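Each chain, letter by letter, is given below.
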Amino acid sequence: MVLIVDDNVSYTERIVEILSEDFQTVKFNTAVSYEDALPFVDAADLQVAMLDINLPGKSGIDLLNYIRKSNKHCKVIMITNQAFDSYRKKCLELGAEHFLDKTSDFEKIPVLLAEMLD
């Protein structure tokens, strides 16, 4: 299972539509907040989480911390418009495998996802 956590519903719908074409056997779930994401994070079959930094309530960085403490096998891609070096450094130090800029790195997602799901 792949989880996409972003409060921009049109973005998550678009990315699920695009990725579902290439990954037809993968189950995609979406959440709009930290709290909405928790049941999916706690699921045993979560393989990859794609997290935005800015979420209602707690941030995607908080969610990355939770994932690292509770689901050590899950791989994380941070994908955000907040692609500042300070965020990049922090997220990678906390255990994210990748840190992408939504506006310039979108095309990298399918390749990274394929590698992470193998």
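The preceding data block contains the structure.
Residues numbered from 1 in each chain as written. Predicted model: local features only at pLDDT ≥ 70, side-chain atom pairs only at ≥ 80, totals over all residues. Heavy atoms only, no water.

**Observations regarding the nonpolar core**
Defined as follows: Among the buried residues, those of types Ala, Val, Leu, Ile, Met, Phe, Trp, Tyr and Cys that are joined through side-chain atoms within 4.5 Å form a nonpolar core. Throughout, exposure labels follow a simple rule: accessible area from a 1.4 Å probe, protein chains only, divided by the maximum for the residue type, with under 20% read as buried, over 50% as exposed, and the rest as partly exposed. Per the convention used, a helix needs a DSSP run of H or I reaching at least four residues, while a strand needs a run of E reaching at least two, with both numbered from the N terminus.
V5, L51, L63, I67, V76, M78 and C91 are the most contacted members of the largest nonpolar core, which totals 23 residues. Those elements giving two or more residues to this core turn out to be β1 (2-5), α2 (34-41), β3 (48-51), α3 (60-70) and β4 (75-80).

**Things to note about the packing of aromatic side chains**
Put simply, the rule reads: Stacked, edge-to-face and tilted labels apply to pairs of Phe, Tyr and Trp rings (six-membered ring for Trp) whose centres lie within 6.5 Å, assigned for plane angles under 30 degrees, over 60, and everything in between, in that order. We call a charge positioned above a ring when the Lys NZ or Arg CZ atom is no farther than 6 Å from the ring centre and deviates by at most 35 degrees from the ring normal.
Counting across every chain of the model gives three aromatic pairs. Between Y11 and F106, the ring centres sit 6.2 Å apart and the planes meet at 75 degrees, which makes this aromatic pair edge-to-face. In this pair, Y11 sits in helix α1 (residues 9-22) while F106 sits in the loop between β5 (98-101) and α5 (109-117), placing the two residues 95 residues apart along the sequence. There is no split in this pair, since Y11 and F106 are both buried. A ring pair is formed by Y34 and Y66, whose centres lie 6.3 Å apart and whose planes are at 70 degrees; its orientation type is edge-to-face. Here Y66 lies in helix α3 and Y34 lies in helix α2, a separation of 32 residues in the sequence. The exposure class of Y66 is partly exposed, given its relative accessible area of 25%. The aromatic ring of F106 is capped on one face by R14, whose charged end is 4.6 Å from the ring centroid.

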